[in-house]
Amino acid sequence: MRTGEKYHVVVVGAGPAGLHAAIAAAEQGVSVLLFDKKTTIGVPVKCGEFFPSKDVMLDLLPGTRQFSDLYDVPSNAISNDCDTLRMYSPRGKRWEFSFDARVLDRSTLEQLLAEKAHKLGVDIRLGRPARVFRHSRQLSVGPTESQSVAADVIIAADGFPSTTASSGGISSDQYVHPGNVATNYQYLMEDLDIEPNVTEMYTGTSIAPGGYAWIIPKSGSSANVGIGLRTTFTRSVKGRDFLDHFVRTYPPTASKLCSGMTRTMAVDVLPVDGTVSTTYTDTMLMVGDSAGMVMPTNGGGIPTAMVSGRIAGEVAAQHVQSGTPLSQYEDRWKEALGREVTASTRMRRFADYFMVNDRLFDMALRILRTGGIKKVLTCKVPTGLRILMWLLGY
């Protein structure tokens with residue numbers, strides 16, 4: 001038994017993807033309901049909060065120029081500005097280059113977006129994890145079947161892995177393999193002595209097997225400090241031990257981190273093998289992390305979430321109003337993001353051959369040098385790497 005309520009569009013998940021989807025659909029004049037399992041928008045934060053500047057984003061994702069306003073982050077949702085990215089190889093070799101970025105106050109950003117959605121008439125229901133229920137002619141969404149509401153279009157924005165998508169019939173077979181998923185552990189730390197303008201990345205099997213570690217400064221004395229690893233690269237099942245080693249005993253970082261205070265800890269999983277094989281059905285769209293829209297070579301997912309969310313909201317509303325096929329969503333996001341997501345995924349798969357061994361990965365980074373490393377991190381395949389990948393079938 002359903003509640004009898006019906007909305008044109010129901011969005012599940014109030015992160016950047018879901019909020020932008022709800023806003024875009026509401027701006028087109030359709031009725032929108034937004035579910036989120038959190039009791040407070042934007043809390044807890046499970047994210048490094050690193051967000052490249054507008055100019056960098058338009059270079060990184062040139063197909064998103066028509067969505068460039070999404071990269072204009074309100075000043076009160078920015079904790080810090082960085083202008084340098086520094087990377088360390090497993091053997092301590094250092095490279096750095098200019099890279100303008102914002103470190104977000106993601107809680108504030110999401111709360112501002114929720115306020116905008118509410119003003120547009122979006123019905124927001126918090127503290128309610130939702131799933132999809134199948135009926136003879138229509139799907140409904142809600143915490144339970146008796147509390148579910150009917151929807152013309154459902155947008156899965158509930159992160160990875162997506163309960164909404166799986167309960168609605170969209171599979172993510174490639175993500176059954178644990179090597180395609182990163183587990184992230186992060187501390188918000190204070191009382192640190194760090195460079196406020198420099199974001200640091202560290203690689204090596206002793207701290208982040210199959211991934212990397214990061215120090216993302218939120219100020220001159222606070223930072224998001226974390227590691228991302230893949231279980232197929234380590235025998236240990238205690239991921240937090242790698243983070244504690246990075247903070248307390250790893251020689252390159254212990255001196256700047258071990259005396260700091262840990263305020264919060266977050267654990268999350270991230271898809272790092274590109275998008276799922278299909279991101280739509282005749283009643284559902286998948287956006288952001290739910291659809292695997294994360295750049296595997298850098299772990300970035302906020303910009304792709306914003307763009308895919310807006311496209312999904314627009315297409316969903318057009319589907320309700322004029323019968324636009326939902327397949328247009330996939331066509332549009334691929335036009336905006338597809339080339340870079342695909343390139344990043346191919347490079348991550350190729351890098352796996354080197355990341356199993358610190359000596360090999362160190363050598364690979366030395367061959368790439370500064371320019372090549374920057375290209376890889378910005379989802380561009382360096383010429384020499386492109387030729388090698390082609391010769392080896394990548």
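Our subject is the structure that appears above.
Thresholds, definitions, all that
- Residues numbered from 1 in each chain as written.
- Predicted model: local features only at pLDDT ≥ 70, side-chain atom pairs only at ≥ 80, totals over all residues.
- Heavy atoms only, no water.
- Phe/Tyr/Trp six-rings, centres within 6.5 Å; stacked < 30°, edge-to-face > 60°.
- Helix = DSSP H or I, 4+ residues; strand = E, 2+ residues; numbered from the N terminus.
- Buried < 20%, exposed > 50% of the residue type's maximum accessible area, 1.4 Å probe, protein only.
- Lys NZ or Arg CZ within 6 Å of the ring centre and 35° of its normal.
- Pairing = 2+ DSSP bridges.
- Axes fitted to C-alpha atoms, helices over the stretch in contact; angles between N-to-C directions.
- Core = buried A, V, L, I, M, F, W, Y, C linked by side-chain atoms within 4.5 Å.
- Contact = heavy atoms within 4.5 Å.
- Patch = residues over 30% accessible without salt bridge, like charges linked within 9 Å, V, L, I, M, F, W, Y side chains within 5 Å.
- Areas by Shrake-Rupley, 256 points an atom, 1.4 Å probe, with all protein chains shown as cover.
- Salt bridge = Lys/Arg side-chain N within 4 Å of Asp/Glu carboxyl O.
- Parallel < 35°, antiparallel > 145°, perpendicular 65-115°, else oblique.
- Left-handed = near helix turned anticlockwise from the far one by under 90°.
- Nonpolar A, V, L, I, M, F, W, Y, C, P; charged D, E, K, R; others polar.
- Expected span 1.5 Å × (residues − 1).

## Focus: the packing of aromatic side chains
Part 1 of the reasoning: Taken as a whole and assessed by the stated rule, the structure comprises 7 aromatic pairs.
Part 2 of the reasoning: Seen in terms of ring centroids, Y202 and F246 are 5.4 Å apart; in terms of plane orientation they differ by 70°. Their pairing is edge-to-face. Note that Y202 is positioned in strand β11 (residues 198–202) and F246 in helix α5 (residues 239–248), a separation of 44 residues in sequence. With respect to class, Y202 is no different from F246; both count as buried.
Part 3 of the reasoning: Pairing F246 with Y250 gives two aromatic rings, centres 6.2 Å apart and planes at 35°, and the pair type is tilted. Summarising the burial analysis for this pair, F246 and Y250 share the class buried.
Part 4 of the reasoning: In this arrangement the basic side chain of R131 is found over the ring face of F133, its NZ or CZ atom lying 5.1 Å from the centre.

## Describing the sheet that holds strand β14 (residues 261–271)
Part 1 of the reasoning: The strand order β3-β5-β4-β11-β12-β13-β10-β14 describes an open sheet built from 8 strands, whose pairing is mixed. Edge positions in the sheet fall to β3 (50–52) and β14, since each has one partner strand and no second. Here the strands of the sheet are splayed against their neighbours by 30° on average, with no regard to which way each runs.
Part 2 of the reasoning: Sheet analysis places strand β10 (residues 181–190) next to β14, joined by 10 bridges and oriented antiparallel. Counterpart to N184 in the pairing with β14 is D268.

## With respect to the nonpolar core
Part 1 of the reasoning: Core analysis: the biggest nonpolar cluster contains 76 residues, and V9, V11, V32, I155 and Y329 have the highest contact counts within it.
Part 2 of the reasoning: Dropping the residues within four chain positions of it, Y329 is found in contact with T279, L285, M286, V287, M293, S308, I311, A312 and V315.
Part 3 of the reasoning: If you look at the next biggest cluster of nonpolar residues, it comprises 21 residues, including Y187, M189, A223 and I227.

## Points about a nonpolar patch on the surface
Part 1 of the reasoning: Judged by side-chain polarity, I387, L388, W390, L391 and L392 come together as a nonpolar surface patch covering roughly 580 Å² of accessible area.
Part 2 of the reasoning: Residue position: I387 is located in helix α10 (residues 383–391).
Part 3 of the reasoning: Note on I387: relative accessible area 47%, which makes it partly exposed.

## Side note on the packing of helix α7 (residues 302–322) against helix α8 (residues 327–355)
Angle between the axes and distance between the axes are the two parameters that describe a pair of packed helices.
Part 1 of the reasoning: Put simply, α7 and α8 touch, their axes get as near as 9 Å, and they point 150° apart. Between α7 and α8, the interaxial angle falls into the category roughly antiparallel. Along this stretch, α7 crosses α8, giving a crossing that reads as right-handed. On α8, the residues touching T304, V307, S308, I311, A312, E314 and V315 of α7 are Q328, Y329, R332, W333, A336 and L337.

## Comments concerning the packing of α8 against helix α9 (residues 358–377)
Part 1 of the reasoning: Two elements in contact, α8 and α9, have axes whose closest approach is 10 Å; the angle formed by their N-to-C orientations is 150°. When the axis of α8 is compared with that of α9, the two are roughly antiparallel. Every residue of α9 that contacts α8 at M347, Y353, F354 and M355 is listed here: L360, F361, A364 and V376.
Part 2 of the reasoning: Classifying every residue of the contact of α8 with α9 gives 8 nonpolar, no polar and no charged.

## Structural notes on helix α3 (residues 106–119)
Part 1 of the reasoning: Between its terminal C-alpha atoms α3 stretches 20 Å, which fits the 20 Å expected from 14 residues at 1.5 Å a residue.
Part 2 of the reasoning: Looking at α3, one finds that the buried residues are R106, S107, T108, L109, E110, L113, A114 and A117.
Part 3 of the reasoning: Next to the buried residues of α3 lie α1 (16–27), β5 (94–104), β6 (123–126) and α7.
Part 4 of the reasoning: Backbone geometry just downstream of α3 places G121 in the positive-phi region, at approximately 100°.

## Quick notes on the pattern of salt bridges
Part 1 of the reasoning: A full pass over the atoms with the stated rule returns 26 salt bridges.
Part 2 of the reasoning: When the shortest N-O distance is used, the salt bridge between R310 and D69 registers 2.8 Å. With R310 in helix α7 and D69 in the loop between α2 (54–60) and β4 (78–88), this pair connects stretches of sequence that are 241 residues apart.
Part 3 of the reasoning: We classify R310 as buried; its relative accessible area is 17%.
Part 4 of the reasoning: One network of salt bridges, in which partners are shared, links R86, R94, E96, E195, E200 and K256.

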